[in-house]
Amino acid sequence: MMYTVLKEKIYDFFDAVSKNQKLYLPSDVKEDSANFVKYENGVKLSSVLKTVRSAKDFFFPKTECLVKYVKEGKSFKVEDPRSEVEDFVIFGVRACDASSFGVIDNVYLKQEPVDSYYKNRRDHSTVIVLACNNPERTCFCSSYKIDASLSSKPSGADIACWESGGKYFFEEVTEKGKKLLESLSVFETSGAGESTDETSDEKEVSKIKEEIKEKINALPFAKLDFSKIEKTPMLDLFNLKIWDKVSESCLGCGTCTYVCPTCMCFDVRDFDSGKNIEQVRCWDSCMYSDFTQMAAANPRTSQKERSRQRFMHKLKYYPDVYNGMYACVGCGRCLESCPVNMNIVKVIKMIQETE
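Residues numbered from 1 in each chain as written. Predicted model: local features only at pLDDT ≥ 70, side-chain atom pairs only at ≥ 80, totals over all residues. Heavy atoms only, no water.

What follows covers the pairing of strand β4 (residues 63–72). Two elements, β4 and strand β13 (residues 276–283), share seven bridges in a ladder whose sense is antiparallel. Paired with valine 70 across the strands is asparagine 276, a residue of β13. The sheet contact formed by β4 and strand β5 (residues 75–79) spans five bridges and is antiparallel. Bridge pairing in β5 links tyrosine 69 to valine 78. (Pairing = 2+ DSSP bridges. Helix = DSSP H or I, 4+ residues; strand = E, 2+ residues; numbered from the N terminus.)

Here it is in structure tokens:
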């Protein structure tokens, strides 16, 4: 079922959604830079393709309190800071970011113990994925068989959305998405939930899908070659000489990991306020010198070892465990943000070119 909203009435759609639950959408935070913000009066939808940080933030926040120890006299009481998350909707998630949810789900949801903090947020979300009308040169999601045109049901989405011909088109992907669309009365309809001209709508959506595919196929990194990575044994990849070259310019700043939709490493720290102690989980980065620091020593003492860990994990360790799924979705953020222009595309090509 295709649902349509005129482009000039998209804020009527946002108003209708936000009446019953929180709505987040990409909005400009400065020129040519957007992030997801809560929709309320004055918030405008950004035309920027990618947010600075991904939608991963909604499920795996930068910091969160795991447990509190409250002092009561000479003893402590343990408090669980968790509360049931309210239902919320995220509009404008791109296909690459939506695919990243599956990468994290494998670790936090599909093995014991389930991460209840993460699951709580995932269960209460409705994700609306927006097709990428104008993919950028740094995009390479198609190399991982991610379809930015949304021609097939997008992974991680509850609703698929396209913008074309002065309209926004919506199509359910999951029962959760269907329930949301059926609850709204802002669509152009001739009957309950029916488009005024479904054939015309479908033709328009088919047209924009084909246009997006053509643009994607013309991108410089649209079809990266992973054959050498897939065929080479793990230890042989680990011992390649390229890692010296990869790491020699790396600053260890961690920017690549903080903008990455699939990075999910964290540290746990204790903070003493004088009256209670909070145990807090916060993002960490394998690019940092103390990332694997233990009481006795640190097994990765050089930037070479840390850089190798990052790329080996995304391209070899993770796919070997999860049926060939790479821990990268080709969003291109690391290409755009690395201050020394060292990124995963260069590493893939360097591996492919090794003798």
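Moving on, we come to the packing of aromatic side chains. Enumeration over the complete set of coordinates arrives at 28 aromatic pairs. Summarising the aromatic geometry, the rings of tyrosine 3 and phenylalanine 187 are spaced 5.0 Å apart at their centres and angled 55° between planes, so their arrangement reads as tilted. Note that tyrosine 3 is positioned in strand β1 (residues 2–6) and phenylalanine 187 in the loop between α4 (175–182) and β10 (189–191), a separation of 184 residues in sequence. We classify tyrosine 3 as buried; its relative accessible area is 5%. (Phe/Tyr/Trp six-rings, centres within 6.5 Å; stacked < 30°, edge-to-face > 60°. Buried < 20%, exposed > 50% of the residue type's maximum accessible area, 1.4 Å probe, protein only.)

Relative to the elements of secondary structure, aspartate 320 occurs in helix α10 (residues 303–321). Overall, the relative accessible area of 46% leaves aspartate 320 in the partly exposed class.

It is worth spelling out the nonpolar core at this point. Grouped together as the largest cluster of nonpolar side chains are 75 residues, with contacts concentrated most on Val93, Phe140, Tyr144, Trp162, Trp243, Leu315 and Ile344. With seven residues, helix α2 (residues 95–108) is the single largest residue contributor to this core. Once residues within four sequence positions are removed from consideration, tryptophan 162 is found in contact with Met2, Leu130, Ala131, Ser149, Leu150, Lys167, Tyr168, Phe169, Glu171, Val205, Ile208 and Lys209. With 23 residues, the next largest nonpolar core counts Phe13, Val43, Ile128 and Leu181 among its residues. (Core = buried A, V, L, I, M, F, W, Y, C linked by side-chain atoms within 4.5 Å. Contact = heavy atoms within 4.5 Å.)

The omega torsion across glutamate 112 and proline 113 is -5°, close enough to zero to call that bond cis. With respect to the element layout, proline 113 can be found in the loop between α2 and α3 (116–123). The backbone phi angle of lysine 145 is positive, close to 65°, even though this residue is not glycine. One non-glycine residue, asparagine 341, lies in positive phi territory at about 60°. When you line up the elements, asparagine 341 lands in the loop between α11 (333–337) and α12 (344–352). When its relative accessible area of 44% is taken as the criterion, asparagine 341 is described as partly exposed.

Spatially, seven strands are ordered β1-β9-β8-β7-β6-β2-β3 in an open sheet, and the strand pairing comes out mixed. Taken across any chain shown, the strands that pair with only one partner, and hence form the sheet edges, are β1 and β3 (33–38). The mean angle between the axes of side-by-side strands here comes to 25°, regardless of whether they run parallel or antiparallel. For strand β2 (residues 22–30) and β3, the ladder comprises six bridges, and the chain directions are antiparallel. The residue bridging aspartate 28 from the neighbouring strand is alanine 34, located in β3. Against the sheet, α4 engages β1, β6 (88–93), β7 (125–130), β8 (159–164) and β9 (167–172), with an angle of about 130° to β9. (Axes fitted to C-alpha atoms, helices over the stretch in contact; angles between N-to-C directions.)

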